[in-house]
Amino acid sequence: MEFSFSLNIKAAKEAVWAYYANIEKWYDWEEDLKNITLNGKFETGSCGTMELEGMPPMEYQLTLVKPFEEFWDKTETPFGAILFGHQIIDNHDGSVNVKHTVSLESEDKQHLEFLSQVFSDVPQSIFILKNCLER
């Protein structure tokens, strides 16, 4: 099961990618991010640790990285693996559509509330990203 949110941003895909590929810039658009590390380059297969406010540190893996297009990362939870997708869709008019997806590898209805909570701040983070890019 998954949730996604997309928003049009007046920015080049390269500008958006700069906020993704440099994990230090994640602090700019992820309000609840307390700490993040990445072992290696921002490429498929690299792993790191992420700590969000009120949560223990979690390991993640970049499962797909296509520069200037999208990246996906995966975190294991007691409810199953969560995939976070970040896509940049070029509108060919100087703007892009940014889409973030949160997916849980589960079909159990009882896990819907958990997924909903994980997704809850995704729209806000995209609006913050929009503000960073359009100022």
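Rules and cut-offs
Per chain, the residues get numbers from 1 upward, laid out in the order the sequence is written. Reporting in this predicted model follows two pLDDT cut-offs: at least 70 for local features of residues, and 80 or more for side-chain atom pairs to be given and counted; totals over whole chains, interfaces and linings ignore these cut-offs and use all residues. Values shown for side chains rest on all heavy atoms present in the structure; no hydrogens or waters enter the calculation. Salt bridge, as applied in this entry: a Lys or Arg side-chain nitrogen positioned within 4 Å of an Asp or Glu carboxyl oxygen. Working definition: helices are DSSP H or I runs of at least four residues, strands are E runs of at least two. Numbering for both runs from the N terminus. When accessible area is computed with a 1.4 Å probe and restricted to protein chains, residues below 20% of their type maximum are described as buried, those above 50% as exposed, and intermediate ones as partly exposed. If DSSP finds at least two bridges between two strands, the strands pair. An axis is simply a line fitted to the C-alpha atoms; with a helix, the fit covers only the stretch in contact. Between two such axes, the angle follows the N-to-C directions and lies from 0 to 180 degrees. Note on contacts: a residue pair qualifies if any of its non-hydrogen atoms lie within 4.5 Å across the two residues. By convention a nonpolar core is built from buried Ala, Val, Leu, Ile, Met, Phe, Trp, Tyr and Cys residues, the set being connected through side-chain atoms within 4.5 Å.

Participant: What is the right way to look at the pattern of salt bridges in this model?
Facilitator: Counted according to the given criterion, the structure contains four salt bridges. Between Lys34 and Glu51 there is a salt bridge, and its shortest N-O distance comes to 3.5 Å. With Lys34 in strand β2 (residues 33-39) and Glu51 in strand β3 (residues 47-52), this pair connects stretches of sequence that are 17 residues apart. Take Lys34: its relative accessible area is 47%, and that puts it in the partly exposed class.

Participant: Teacher, can you tell me more about the sheet that holds β3 here?
Facilitator: Two modes of strand pairing occur in sheets, parallel and antiparallel, and in both the strands are linked by backbone hydrogen bonds. Reading across from one edge, β1-β7-β6-β5-β4-β3-β2 is the order of the seven strands in this open sheet, with antiparallel pairing throughout. Both edges of this open sheet fall to β1 (2-9) and β2, since each of them pairs with a single strand only. Pairwise comparison of adjacent strand axes, ignoring direction, gives a mean angle of 20° for this sheet. Two elements, β3 and strand β4 (residues 58-66), share four bridges in a ladder whose sense is antiparallel. Across the sheet, residue Cys47 finds its bridge partner in β4, namely Gln61. Where helix α1 (residues 13-21) meets the sheet, it contacts β4, β5 (70-77), β6 (80-90) and β7 (96-104), and its direction lies at approximately 155° from that of β6. Where helix α4 (residues 122-134) meets the sheet, its contacts fall on β1 and β7, and the angle it forms with β1 comes to roughly 20°.

Participant: Before we go on, may I ask you to explain the pairing of β3 in this structure?
Facilitator: Consecutive side chains along a regular strand alternate between the two faces of the sheet. Direction of pairing for β2 relative to β3: antiparallel, over a ladder of six bridges. Within β3, the residue paired with Leu38 across the bridge is Gly48. What sits between β3 and β4 in their antiparallel hairpin is a turn of five residues, with Gly54 showing a positive phi close to 75°.

Participant: Explain the nonpolar core here, please?
Facilitator: Core analysis: the largest hydrophobic core is formed by 35 residues, its most contacted members being Val16, Tyr20, Trp26, Phe42, Phe71, Val98 and Leu129. With six residues, the top contributor of residues to this core is α4. In contact with Val98, not counting residues within four places along its chain, are Phe5, Ser6, Leu7, Ile9, Val16, Tyr20, Gln87, Ile126 and Leu129.

That's the geometry; what it means functionally is another story.
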